[in-house]
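Chain by chain, the residues:
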Amino acid sequence: MVTPAAPPPVAAVAPRYPRTQFAITQGHHTAANVASYEILQEHSAFLAGVLAGLRVGNGRAAHLSGERVRPGLKGRAAYADGVRRVTGQDPLTAFCGNQHDAALGAAWTRALAARDARVLFAMMDGGREGVTRVCRETGVWQIGNVLDWVARDPQVYLASALADSGLCVQRAAADHAAGALAVGRATRYGLEEAASLRLVLNA
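Rules and cut-offs
Residues numbered from 1 in each chain as written. Predicted model: local features only at pLDDT ≥ 70, side-chain atom pairs only at ≥ 80, totals over all residues. Heavy atoms only, no water. Salt bridge = Lys/Arg side-chain N within 4 Å of Asp/Glu carboxyl O. Buried < 20%, exposed > 50% of the residue type's maximum accessible area, 1.4 Å probe, protein only. Helix = DSSP H or I, 4+ residues; strand = E, 2+ residues; numbered from the N terminus. Pairing = 2+ DSSP bridges. Axes fitted to C-alpha atoms, helices over the stretch in contact; angles between N-to-C directions. 1 Å grid on protein atoms, 1.4 Å probe; cavity = no way out; pocket = protein on both sides within 12 Å on 5 of 7 lines; lining within 4 Å. Points joined across faces, edges and corners; volume = space filled by probe spheres on them. Nonpolar A, V, L, I, M, F, W, Y, C, P; charged D, E, K, R; others polar. Left-handed = near helix turned anticlockwise from the far one by under 90°. Contact = heavy atoms within 4.5 Å.

Draft legend 1. Inspection of the pattern of salt bridges at higher detail. The full count for this structure, using the stated rule, is 11 salt bridges. Of the charged contacts, one joins Arg118 and Asp116 as a salt bridge, the two residues approaching to 2.6 Å between their closest N and O atoms. A residue is classified by how much of its surface remains accessible, and Asp116, at 29% relative accessible area, is partly exposed. Its salt-bridge partner being Asp153, residue Arg136 comes within 2.3 Å of it at the nearest N-O pair. Here Arg136 is found in helix H5 (residues 128–138), whereas its partner Asp153 is found in the loop between helix H6 (149–152) and strand E7 (157–163), with 17 residues between them in sequence. Given the relative accessible area of 47%, Arg136 is considered partly exposed. Among the ionic contacts, a cluster of salt bridges with common partners joins Glu38, Glu42, Arg70, Lys74 and Arg188.

Now the structure itself:
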């Protein structure tokens, strides 16, 4: 017997309080009293793919992430599209199954390096330390995501696909204060919001 998944918290609570307005960020649920604000992380992932395609030379561009969640799938698809537009071929790609396992991230990175990966777009959380260690050992350039990893480790990071979802919190709060919360629809921000969504490059 398969147990259906529980609905996301706001989706479960909002119908009980129809006179209360809710806002979510980086989600995709909307209702008459629910607004969704999202920064399109996949836009900077596409730029990362273009850069990887330009830098791989005779090697391969690669991607590594943990669980197959919606943001990870969208980011991987956008990155692959960017790589294909430059190289004409798909990147190596893997979901290792856990965003937070450094040993697992290291093992998968070593396997990708063995298949001639030269630039790796890693969409990892706690497991990133293992990925970065192996990139340093094997000479594979890494492209980070969400944060500015170039500033933290310029010897390993070619670039970082920045995506600061704090913009969504700011806009939702400002809209609520103005009595204009965008309930019933999704408000999305792309590369036009360059302070929050861009590709940070290593010098």
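Draft legend 2. A look at the sheet that holds strand E1 (residues 22–25). Strand order in the open sheet made by the 3 strands is E1-E2-E8, with parallel pairing throughout. Every other strand in the sheet has two partners, leaving E1 and strand E8 (186–189) as the edge strands with one partner each. Put simply, the sheet's adjacent strands are angled 15° from each other on average, direction ignored. Relative to E8, strand E2 (residues 34–39) is paired through 4 bridges, and the arrangement is parallel. Within the sheet, the bridge partner assigned to Ser36 lies in E8 and is Ala186.

Draft legend 3. Layout of empty space enclosed by the protein. Under the counting rule described, the total for this entry stands at 2 cavities of 30 Å³ or more. Of the pockets and cavities examined, the largest cavity occupies roughly 90 Å³. Every residue lining the largest cavity is listed: Gln26, Glu38, Ile39, Gln41, Glu42, Arg70, Pro71, Lys74 and Gly75. Mapped by element, the contributors of at least two residues to the lining of the largest cavity are E2, helix H2 (41–55) and helix H3 (70–87). Here the element with the most residues in the lining of the largest cavity is H3; it accounts for 4 residues. Looking at the lining of the largest cavity, its residues break down into 2 nonpolar, 3 polar and 4 charged. As for the second largest cavity, its lining consists of Gln41, Glu42, Ser44, Ala45, Gly75, Phe121, Met123, Asn145, Val146, Ala161 and Ala163. Of all elements in the fold, only H2, strand E5 (117–123), strand E6 (141–146) and E7 reach the threshold of two or more residues within the lining of the second largest cavity. Per element, the largest residue contribution to the lining of the second largest cavity is 4 residues, and it comes from H2. Of the residues assigned to the lining of the second largest cavity, the class counts are 6 nonpolar, 4 polar and 1 charged.

Draft legend 4. Expanded view of the packing of H2 against H3. Here H2 crosses H3 at 35°, and the two axes come no closer than 7 Å. Considering the relative orientation of H2 and H3, their crossing is right-handed. Of the residues in H3, those in contact with Glu42, Ala45, Phe46, Ala48, Gly49, Val50, Ala52, Gly53 and Leu54 of H2 are Lys74, Gly75, Ala78, Tyr79, Asp81, Gly82, Val83, Arg85, Val86 and Thr87. Residues of the contact of H2 with H3, tallied by class, amount to 10 nonpolar, 5 polar and 4 charged.

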